[in-house]
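Inside the fold
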Amino acid sequence: MKLYCLSGHPTLPCNVLKFKSTTIMLDCGLDTTSVLNFLPLPLVHSPRLSKLPGWISKDGSINLEKELKECAGRVFVDSQPEFCLPERELLDLSTIDVILISNYHCMMALPYITEHTGFTGTVYATEPTLQIGRLLMEELVNFMERVPKAQSATCWKNKEIQRMLPGPLKDAVDVWTWKRCYSMQEVNSALSKVQLVGYSQKVELFGAVQVSPLSSGYSLGSSNWIIQSHHEKVSYVSGSSLLTTHPQPMDQSSLKNSDVLILTGLTQMPTANPDGMLGEFCSNLAMTIRAGGNVLVPCYSSGVIYDLLECLYQFIESANLGTTPFYFISPVANSSLEFSQIFAEWLCHNKQTKVYLPEPPFPHAELIQTNKLKHYPSIHGDFSSEFRQPCVVFTGHPSLRFGDVVHFMELWGKSSLNTVIFTEPDFSYLDALAPYQPLAMKCVYCPIDTRLNFHQVSKLLKEVQPLHVVCPEQYTQPPLTQSHRSDLMLELQPPPMPYRRCSVLNLPFRRRYERVYILPELANSLVPSEVKPGVSVATVSAVLQSKDNKHTLQSVPKAPPVAPSKKRKRVMEEPPVTMAPKPLLSGAVPLEAFLATLQKHGITEVKVEETADGHILHLQAEDTLIQLEEDGTHIVCDNNEPLRATLRDLVLRFLQKL
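- The protein has the name Integrator complex subunit 9 in an unreviewed UniProt entry, where Xiphophorus maculatus is given as its organism.

1. Thoughts on helix H3 (residues 127-146)
- Here H3 spans 28 Å end to end across 20 residues, near enough to the 28 Å set by a 1.5 Å rise per residue.
- In terms of burial, H3 is a largely internal element, 14 of the 20 residues being buried.

2. Let's talk about the UniProt feature "domain: Beta-Casp" (unreviewed entry) in the protein
- Here the UniProt feature "domain: Beta-Casp" (unreviewed entry) sits at residues 305-433.
- The distance from the first to the last C-alpha atom of residues 305-433 is 21 Å, and the span holds 43% helix and 12% strand.

3. Topic: the nonpolar core
- Judged by nonpolar contacts, the single largest core of 111 residues is most densely connected at Met25, Phe83, Ile99, Leu110, Phe281 and Phe394.
- No fewer than three residues from each of domain 1 (2-41 + 80-149 + 179-267 + 451-506) and domain 3 (274-445) sit in this core.
- Ranked by size, the runner-up nonpolar core spans 25 residues in total, among them Leu26, Leu100, Leu205 and Trp225.

4. Some thoughts on the pattern of salt bridges
- Under the counting rule described, the total for this entry stands at 16 salt bridges.
- Ionic pairing is found between Arg501 and Glu87, a salt bridge with its closest N-O pair at 3.6 Å. Of this pair, Arg501 sits in the loop between strand S24 (497-499) and strand S25 (504-506) while Glu87 sits in the loop between strand S7 (83-84) and strand S8 (98-100), placing them 414 residues apart in sequence. Of the two residues examined, Arg501 and Glu87, each falls in the buried class.
- We note a salt bridge from Asp404 to Arg146, for which the minimum N-O separation is 3.1 Å. Highlighted residues: Asp404 in the loop between strand S20 (392-395) and helix H12 (405-412) and Arg146 in helix H3, separated in sequence by 258 residues.

5. Focus: the domain arrangement of the protein
- Under the domain assignment, the protein is made up of domain 1 (2-41 + 80-149 + 179-267 + 451-506), domain 2 (42-79), domain 3 (274-445) and domain 4 (585-657).
- One C-alpha centre belongs to domain 1, the other to domain 3; they are set 27 Å apart.
- Listed by partner, the interface residues are 37 residues for domain 1 and 40 residues for domain 3.
- When residues of domain 1 are sorted by the area they lose upon contact with domain 3, Leu36, Phe143 and His246 head the list and together hold 22% of the total.
- Counting across the domain 1 and domain 3 interface gives eleven residue pairs in polar contact (both at pLDDT 80 or more).

6. Here's the deal with the sheet that holds strand S6 (residues 74-77)
- Judged by pairing direction, the sheet is antiparallel, and its three strands sit side by side in the order S4-S5-S6 without closing on themselves. Edge strands, defined here as strands with exactly one partner in the open sheet, are strand S4 (54-56) and S6. Averaged over neighbouring strand pairs, the angle between their axes works out to 60 degrees when direction is ignored.
- Where S4 lies against strand S5 (residues 63-71), three bridges are found, and the strand directions are antiparallel. Paired with Trp55 across the strands is Leu64, a residue of S5.

7. Points about the packing of aromatic side chains
- In the structure shown here, the tally under the stated rule is 20 aromatic pairs.
- With 5.0 Å between their ring centres and 75 degrees between their planes, Tyr199 and Trp346 make a pair best called edge-to-face. Here the residue Tyr199 occupies a position in the loop between strand S11 (194-196) and strand S12 (203-205), and Trp346 occupies one in the loop between helix H8 (333-342) and helix H9 (349-355), the gap between them amounting to 147 residues.
- The class of Trp346 is buried, set by a relative accessible area of 7%.
- Between the aromatic rings of Tyr327 and Phe383, the centroid separation amounts to 5.2 Å while the plane-to-plane angle is 85 degrees, which identifies the pairing as edge-to-face. Here Tyr327, found in strand S18 (residues 326-329), pairs with Phe383, found in helix H11 (residues 382-386); they are 56 residues apart in sequence, far enough to count as distant.
- Given the relative accessible area of 1%, Tyr327 is considered buried.
- By relative accessible area, Phe383 is classed as buried at 4%.
- An aromatic cluster is defined as three or more aromatic residues linked by ring pairs; in this entry it consists of Tyr327, Tyr376, Phe383, Phe387, Phe408 and Trp412.
- A cation over a ring is seen here: Lys351 above Phe362, with NZ or CZ 5.0 Å from the ring centre.

About the thresholds
Residues numbered from 1 in each chain as written. Predicted model: local features only at pLDDT ≥ 70, side-chain atom pairs only at ≥ 80, totals over all residues. Heavy atoms only, no water. Helix = DSSP H or I, 4+ residues; strand = E, 2+ residues; numbered from the N terminus. Expected span 1.5 Å × (residues − 1). Buried < 20%, exposed > 50% of the residue type's maximum accessible area, 1.4 Å probe, protein only. UniProt positions renumbered as here; feature names shortened; annotations may be inferred. Core = buried A, V, L, I, M, F, W, Y, C linked by side-chain atoms within 4.5 Å. Domains from an automatic or database assignment. Salt bridge = Lys/Arg side-chain N within 4 Å of Asp/Glu carboxyl O. Contact = heavy atoms within 4.5 Å. Buried area = accessible area lost by both parts, 1.4 Å probe. Polar contact = N/O pair within 3.5 Å; in protein donor to acceptor, adjacent residues only side chain to side chain. Pairing = 2+ DSSP bridges. Axes fitted to C-alpha atoms, helices over the stretch in contact; angles between N-to-C directions. Phe/Tyr/Trp six-rings, centres within 6.5 Å; stacked < 30°, edge-to-face > 60°. Lys NZ or Arg CZ within 6 Å of the ring centre and 35° of its normal.

Put into structure tokens, the structure is as follows:
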């Protein structure tokens, strides 16, 4: 059993498991942190960004004025932002049989895998994962296509040139694997390969293994996966949460008795408590609005935003913010808000019960009805005529490199009354803000990450007790910035097996057993013999047929009678040659009784020697050795066949024939 690790990002995993003749890809996360090296794409022409000076090395030897621009003391690539893809050279991706998706954030690289590698398999995901994943992909494509950039920057990626660049461009890894965004056509083609599954539904893969998704408690439809054969079990835990938020709670008990547990997607903010961050989010928002400023929340169009809106719904009245407009701007804003209301069976119990009242499970439905929350596909059109300040705007993309958020950063960045509140943990907020410096607006960092922290995961592993744990190497050491915090890492016995991008792990358990079926007519012909109370044994002569990873014992076909003829016809399929089975022997030869029997037959000079496995009897007068062992008896007798046969018959008296 092997694990190929194609992504180095612990919360955006992409691994391939080879298990019992099947090749299974576990998630295909897209590392979007690479976009922080690019200039923002403004929706409205920005004089500031269009007049930036090009970069030339100090000695003038490298001139990349067209590709690189200097902005706020840093150098950025001036082209369409590119993403860091999972590794595609480590193994032939066309051999992948299935892709299992755990949540909608971990499927963003799907079109790169299914459309450009010769992939012909099936993708399995839950319905909310598919639908919300589609929205996030659609939004990404929309953001890119609204602001097309003609040129593509490639010269800076040359190894010799990249070494000379200022950081962080100099330190960017695998830049040649970075790719531009896919098209909507590729998204539709990739998602047409998805087959929907429900929690605990068992899916057979070629008769070899069974896969089934379990609720992971992190987002709508998010799953952990169980991959098992008759005798082995692998659990894949990715992006799980034990907190009581809107999704169904995590199914922990089904993870028990795993031979290997692959652990990814822990919280990126182990020291930040989500409840505390929500409180801070609300208080900073209220403070800014009361002072007459605007609040900008760069966020994804699904996920934490549902919890933020719910929190604000409860907070608005008490904080006296009833008249403040809330705007949610995204090409998929309407679909996202609607989807969250219709996936009732994927929600936690108290939200499910609301559906039967009938009430909408999320309060943002009421915010929309009372006109407190308005949603728009973009800043163009209706929004520009209905927009009033001070207000709160939720929009993407959290990297601040593309989407409507770029316009608001340019519009509000110069006033200290306004505040930008970062709630998504995927990007360093200082790097995200770099091209907008110097900035007068206040910045508040309230990362809300509900995924498991190290304390919760240690407790979980104690309960489910897998034999082996595999995890990203980042989890086996404390964070670089807090090297003294040994509580921010996994400490397990035996220690977890770490992986990094491009590593191939041989998972430490061997398959020992295989299930074999026996046909009824063959079972009917067996004659069991009792070897000890409660234990019967039967010999069987059969043909083993293996097909579609199922093994069956069938009766041996009888040879058809050959008709006498001068010309012998060639038999198309000759039945296997069968020999009459030798009787099997069971039992043990008791030493004292055997010595007494030898004496009766006139063999008196016997020297007994004890060995680790039994006894050696030396018949001195006959110059013969008899080895009595637990699993066999050997008679060593030179040139005296009658004596050997006699001794053999004496031994057989004590054994049972099957």
